[in-house]
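So the chains spell out like this:
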Amino acid sequence: MVIGDHVEIQAHSCIDRAAVGVTQIDRGAKIDNFVQVGHGSSIGEDSLICAQVGLAGSTEVGKNVILAGQVGVAGHCRVGDGAIMTAQSGVSHDVEPRTMVSGSPAFDNKQWLRAVAVFNRLPELAKRVRKLAGSDE
């Protein structure tokens, strides 16, 4: 395990040592409470990992990344430099540099905001569609 200079690791976080290779936390990274960093993972310089984040084994987090609270990243995924994952996002694929993703499964944040705005209206919209289609279900 390699932990760089000026790294902060808060209470009850767990950083697994790698069985093969190395688990690495680069300079200036901040790891909040109750974070799980899986074996063989890496966290880039000046990245911020908030509370209750879970990184499965061999996850690569780039530089200047923000993973908000309760984010989950599946194993062997790459989160590009400057990416942001909003709270409670879940990702099982690579995240491009300088993008913001939300939701589970995680996708583009702007698209997610539009989807969430419509979510509460789905029952009403479904009823209108059934009425237009001639079905009274």
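A brief report on the enclosed structure follows. Predicted model, so just to flag it, every value in this text is computed and none were measured.

1. Description of the overall build of the chain
Part 1: Secondary structure summary: the chain contains 2 helices and 17 strands in total.
Part 2: Against the compact-globule benchmark of 14 Å for 137 residues, the chain has a radius of gyration of 19 Å, which places it well outside the compact range.
Part 3: Seen through its C-alpha atoms, the chain measures out along the principal axes to roughly 65 × 25 × 25 Å.
Part 4: Contacts in the chain between residues at least 24 apart in sequence constitute 0% of all its contacts with a sequence separation of at least 6.
Part 5: Looking at the chain as shown, the accessible area adds up to about 8100 Å², and 54% of this sits on carbon and sulfur atoms.
Part 6: Seen as two clouds, the 13 positive and the 15 negative side-chain charges of the chain have centres 10 Å apart.

2. Remarks on the sheet that holds strand 13 (residues 78-79)
Part 1: The strand order 1-4-7-10-13 describes an open sheet built from 5 strands, whose pairing is parallel. The open sheet terminates on both sides in strands that have one partner only, identified here as strand 1 (2-3) and strand 13.
Part 2: Alignment of strand 1 against strand 4 (residues 24-25), held across 2 bridges, turns out to be parallel. Bridge pairing in strand 4 links V2 to Q24.

3. A word on the nonpolar core
Part 1: If you look at the biggest cluster of nonpolar residues, it comprises 24 residues, and the most contacted ones within it are I25, I43, I49, L55, L67, V73 and M85.
Part 2: Each residue touching I25, except ones within four places of it in the same chain, is listed here: V2, I3, G4, V7, I15, I31, V37 and I43.

4. Details of the pattern of salt bridges
Part 1: Inspection of the entire model under this criterion finds 4 salt bridges.
Part 2: D46 is the salt-bridge partner of R27, the closest N and O atoms lying 3.2 Å from each other. Of the two residues, R27 is situated in the loop between strand 4 and strand 5 (30-31) and D46 in the loop between strand 7 (42-43) and strand 8 (48-49); the sequence distance between them amounts to 19 residues.
Part 3: Note on R27: relative accessible area 37%, which makes it partly exposed.
Part 4: By relative accessible area, which is 37% here, D46 ends up partly exposed.
Part 5: Between D81 and R78 there is a salt bridge, with its nearest N and O atoms 3.9 Å apart.
Part 6: Three or more residues joined by partner-sharing salt bridges are found here, namely R27, E45 and D46.

Calculation rules
- Residues numbered from 1 in each chain as written.
- Predicted model: local features only at pLDDT ≥ 70, side-chain atom pairs only at ≥ 80, totals over all residues.
- Heavy atoms only, no water.
- Helix = DSSP H or I, 4+ residues; strand = E, 2+ residues; numbered from the N terminus.
- Rg over C-alpha atoms; globule rule 2.2 N^0.38 Å.
- Contact = heavy atoms within 4.5 Å.
- Areas by Shrake-Rupley, 256 points an atom, 1.4 Å probe, with all protein chains shown as cover.
- Lys, Arg positive; Asp, Glu negative; His and termini not counted.
- Charge placed at Lys NZ, Arg CZ, Asp CG, Glu CD.
- Pairing = 2+ DSSP bridges.
- Core = buried A, V, L, I, M, F, W, Y, C linked by side-chain atoms within 4.5 Å.
- Buried < 20%, exposed > 50% of the residue type's maximum accessible area, 1.4 Å probe, protein only.
- Salt bridge = Lys/Arg side-chain N within 4 Å of Asp/Glu carboxyl O.

Function-wise, these values are silent; they only describe arrangement.
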